[in-house]
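# Geometric and topological summary
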Amino acid sequence: MSIQLALATDAAHTGVHPDDAHFVATLTRLGVQPVPCIWNDPDVDWSRFDAVLIRSVWDYFRLYPQFLRWLDQLDALGVPTVNDSRLLRWNSDKRYLLELAQVGVDVIPTRLAETTELPAALQTLHGQDVVVKPAVSGGAWRTLRGVAGDPAFAQALAALPAGDWLVQPFVAEIQRDGEWSLLFFDSVFSHAVRKLPKAGDYRVQGEHGGSAELAEAPAPALAAAQAVLAAVERAGHANPAYARIDGVICDGHFLLMEAELIEPFLHLAIRPDAAESYAERLVARLTSIANA
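So, here is what we can say about the structure in this document. The structure presented is a predicted model; accordingly, all values stated were derived computationally and were not measured.

## Thoughts on the pairing of strand 6 (residues 129–134)
Counting buried positions over the six residues of strand 6 gives five, a clear majority of the element. The sheet contact formed by strand 6 and strand 7 (residues 144–147) spans four bridges and is antiparallel. If you follow Val130 over to strand 7, its bridge partner there is Gly146. When strand 6 meets strand 8 (residues 164–169), the two strands line up antiparallel, connected through five bridges. By the bridge assignment for strand 8, Val131 is matched with Gln168.

## Examining helix 2 (residues 64–77)
The terminal C-alpha atoms of helix 2, which comprises 14 residues, lie 20 Å apart, in line with the 20 Å expected from a rise of 1.5 Å per residue. Those residues of helix 2 that are buried lie in contact with strand 1 (3–9), strand 3 (51–56), strand 4 (81–82) and helix 3 (85–92). Among the residues trailing helix 2, Gly78 stands out with phi positive, at a value near 75°.

## Notes on the sheet that holds strand 4
One open sheet accounts for four strands, arranged 2-1-3-4; its pairing is parallel. With partners counted over all chains shown, the strands left at the sheet margins are strand 2 (32–38) and strand 4, one partner each. As paired strands, strand 3 and strand 4 are joined by two bridges and run parallel to one another. Considered in strand 4, the bridge of Leu53 is made with Val82.

## Overview of the pairing of strand 13 (residues 253–260)
Of all eight residues in strand 13, seven are buried; the element is thus mostly enclosed. Two elements, strand 12 (residues 242–250) and strand 13, share seven bridges in a ladder whose sense is antiparallel. Note on strand 13: the bridge partner recorded for Cys250 is His253. Counting the residues in the hairpin turn of strand 12 and strand 13 gives two residues, including Asp251, whose phi is positive at 50°.

## Details of the side chain of His191
Its location among the elements puts His191 in strand 10 (residues 188–196). For His191, a relative accessible area of 2% translates into the label buried. Within the structure, the side chain of His191 is placed 3.2 Å from the backbone oxygen of Leu266, a separation counted as a polar contact. When residues no more than four places from it in sequence are discounted, the contact partners of His191 are Ser181, Leu182, Leu183, Phe185, Leu214, Leu266, His267, Leu268, Arg271 and Ala274.

## Comments concerning the sheet that holds strand 11 (residues 211–215)
Strand order in this open sheet of five strands is 11-10-9-12-13, and the pairing throughout is antiparallel. Looking at the sheet topology across the chains shown, the edges are occupied by strand 11 and strand 13. In this sheet, neighbouring strand axes are inclined to one another by 30° on average, regardless of whether the strands run parallel or antiparallel. One ladder, built from six bridges, connects strand 9 (residues 179–185) with strand 12; its direction is antiparallel. From the neighbouring strand, Leu183 faces strand 12, where its bridge partner is Arg244.

Parameters and conventions
- Residues numbered from 1 in each chain as written.
- Predicted model: local features only at pLDDT ≥ 70, side-chain atom pairs only at ≥ 80, totals over all residues.
- Heavy atoms only, no water.
- Buried < 20%, exposed > 50% of the residue type's maximum accessible area, 1.4 Å probe, protein only.
- Helix = DSSP H or I, 4+ residues; strand = E, 2+ residues; numbered from the N terminus.
- Pairing = 2+ DSSP bridges.
- Expected span 1.5 Å × (residues − 1).
- Contact = heavy atoms within 4.5 Å.
- Polar contact = N/O pair within 3.5 Å; in protein donor to acceptor, adjacent residues only side chain to side chain.
- Axes fitted to C-alpha atoms, helices over the stretch in contact; angles between N-to-C directions.

Here it is as structure tokens:
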């Protein structure tokens with residue numbers, strides 16, 4: 001009997017994403033039946049699946065309470081998620097960066113502030129180029145960049161909705177040298193890409209004009225990314241099926257920007273061999289789940 005696997009997507013990215021096409025074809029060849037399903041579609045019967053692989057749920061942060069309720073629903077049905085639902089909840093709120101920093105991970109300096117606390121948080125950074133982003137977010141959603149103390153920036157901050165926000169210094173190396181993403185499957189390093197913003201921007205996401213290229217991971221980045229996964233394990237989340245560790249190299253040191261453990265773009269189309277290896281590892285994991 002084949003394994004029935006739901007591929008969780010969102011309403012704007014139905015079907016198999018082109019980056020996942022070879023990966024999904026390999027799963028099918030290996031005896032898994034992948035079925036794309038919109039995560040918040042009320043007509044989906046999740047109980048008919050052996051597991052749910054989180055893929056392009058790229059609106060979850062806009063619908064966060066609903067997303068958490070969906071994970072609760074899957075847990076109640078006894079349908080496992082990949083990655084594990086505990087890890088998804090932990091990783092969905094970027095305050096995990098503060099937790100990792102406390103155990104020695106080199107993170108871009110980050111402070112957490114509620115909306116009403118932002119003016120006070122920025123006072124100590126007066127005159128500095130800073131970035132403010134929601135604690136639950138993705139794709140540079142609601143992210144603001146400006147100079148602390150600038151009236152126009154203060155006005156933009158005052159218009160933000162209530163919530164928790166991360167305050168970070170702007171890292172100029174992102175514009176100049178780009179951001180690194182290191183991909184791991186079952187905590188084993190697979191490949192790396194370097195992402196660059198378009199001219200005049202600082203956001204590396206494709207929807208903002210950014211680009212990505214396959215590249216050899218610098219030794220400091222690889223060692224630091226492996227240390228991040230070790231810290232994630234110490235936080236109680238061992239051996240994620242997939243992980244993308246994003247960071248920037250400053251003065252020879254890799255600074256963590258995000259540990260993407262929910263729905264990262266995995267850059268599989270440019271590495272078909274990585275797509276096949278990931279599929280084989282996932283089938284072994286799913287077989288173990290099915291036989292448990």
